[in-house]
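Next come the chains, spelled out residue by residue.
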Amino acid sequence: MIELLGWIGLSAAFAMTIYHRYMYSNYEQVYQYINKKYGDDTNNIEFPSKDDHLRDAKKYSYYTAFFAVVLIIINMYFR
């Protein structure tokens, strides 16, 4: 059960890392597309800054490394 939680955490952290790296590298294009697609509905929304995406990408990279180490330790312990 603990290993399943480790795999879920690793998968989620890895997916969030990829998402924030993508948003950081394509920041202008993504938010231009959102403004063009939704028009006036986006006037009241505050989007995260490019630096926020970089900070979150680093944070989730650390989470990914943590869950990978936990799974390696669990795997070595139960063999």
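For the structure itself, look to the data block above.
Residues numbered from 1 in each chain as written. Predicted model: local features only at pLDDT ≥ 70, side-chain atom pairs only at ≥ 80, totals over all residues. Heavy atoms only, no water.

**Here's the deal with the packing of aromatic side chains**
To describe a pair of aromatic rings, one takes the distance between the centres and the angle between the planes. Which entries qualify depends on this criterion: Ring geometry is summarised as follows: Phe, Tyr and Trp rings, the Trp one being its six-membered ring, pair when their centres sit within 6.5 Å, and such pairs are stacked at plane angles under 30 degrees, edge-to-face over 60 and tilted between the two. For helices the rule is a DSSP run of H or I covering at least 4 residues; for strands it is a run of E covering at least 2, with both sets numbered from the N terminus onward. For every residue, the accessible area obtained with a 1.4 Å probe (protein chains only) is divided by the maximum for its type, and the residue is called buried under 20%, exposed over 50%, and partly exposed between those limits.
On inspection of all chains with the given rule, the structure shows five aromatic pairs. Summarising the aromatic geometry, the rings of Tyr27 and Tyr31 are spaced 4.7 Å apart at their centres and angled 65° between planes, so their arrangement reads as edge-to-face. Remark: Tyr31 and Tyr27 occur in helix α2 (residues 27-38); sequence separation between them is four residues, near one turn of the helix. For Tyr31, a relative accessible area of 9% corresponds to the buried category.

**Looking at helix α1 (residues 2-25)**
Here is the rule we go by: Multiplying one less than the number of residues by 1.5 Å gives the expected span of a helix.
With 24 residues, α1 extends 34 Å between its outermost C-alpha atoms, agreeing within 8% with the 34 Å of an ideal straight helix rising 1.5 Å per residue. Along α1, the residues that are buried comprise Gly6, Gly9, Leu10, Ala13, Thr17, His20 and Met23.

**Topic: the packing of α1 against helix α3 (residues 50-77)**
Our working rule: For helices, the fitted line uses only the C-alpha atoms of the stretch in contact; every axis is such a line through C-alpha atoms, and the angle between N-to-C directions lies from 0 to 180 degrees. Oblique is the label for any angle not under 35 degrees, not over 145, and not in the 65 to 115 range, which are roughly parallel, roughly antiparallel and roughly perpendicular in turn. Whether a crossing is left-handed or right-handed is set by the direction in which the near helix is turned from the far one by less than a right angle, anticlockwise for left-handed and clockwise for right-handed. Polar here means any residue other than Ala, Val, Leu, Ile, Met, Phe, Trp, Tyr, Cys and Pro, which are nonpolar, and Asp, Glu, Lys and Arg, which are charged; Gly is therefore polar.
Where α1 contacts α3, the axes come no closer than 8 Å and their chain directions differ by 155°. By the angle between their axes, α1 is roughly antiparallel relative to α3. Crossing hand, α1 versus α3: left-handed. When the residues that make up the contact of α1 with α3 are grouped by side-chain class, the tally is 17 nonpolar, seven polar and four charged.

**Some points on the pattern of salt bridges**
Think of it this way: side chains of opposite charge can pair up when their charged atoms draw near. As a reminder, the rule being used: Each reported salt bridge corresponds to a side-chain nitrogen of Lys or Arg within 4 Å of a carboxyl oxygen of Asp or Glu.
Inspection of every chain in the model, using the stated rule, returns three salt bridges. Close ionic contact of Asp52 with Arg55 constitutes a salt bridge, the shortest N to O distance being 3.0 Å. Placement of both Asp52 and Arg55 in helix α3 is noted, with a separation of three residues, approximately one turn of the helix. Note on Asp52: relative accessible area 26%, which makes it partly exposed.

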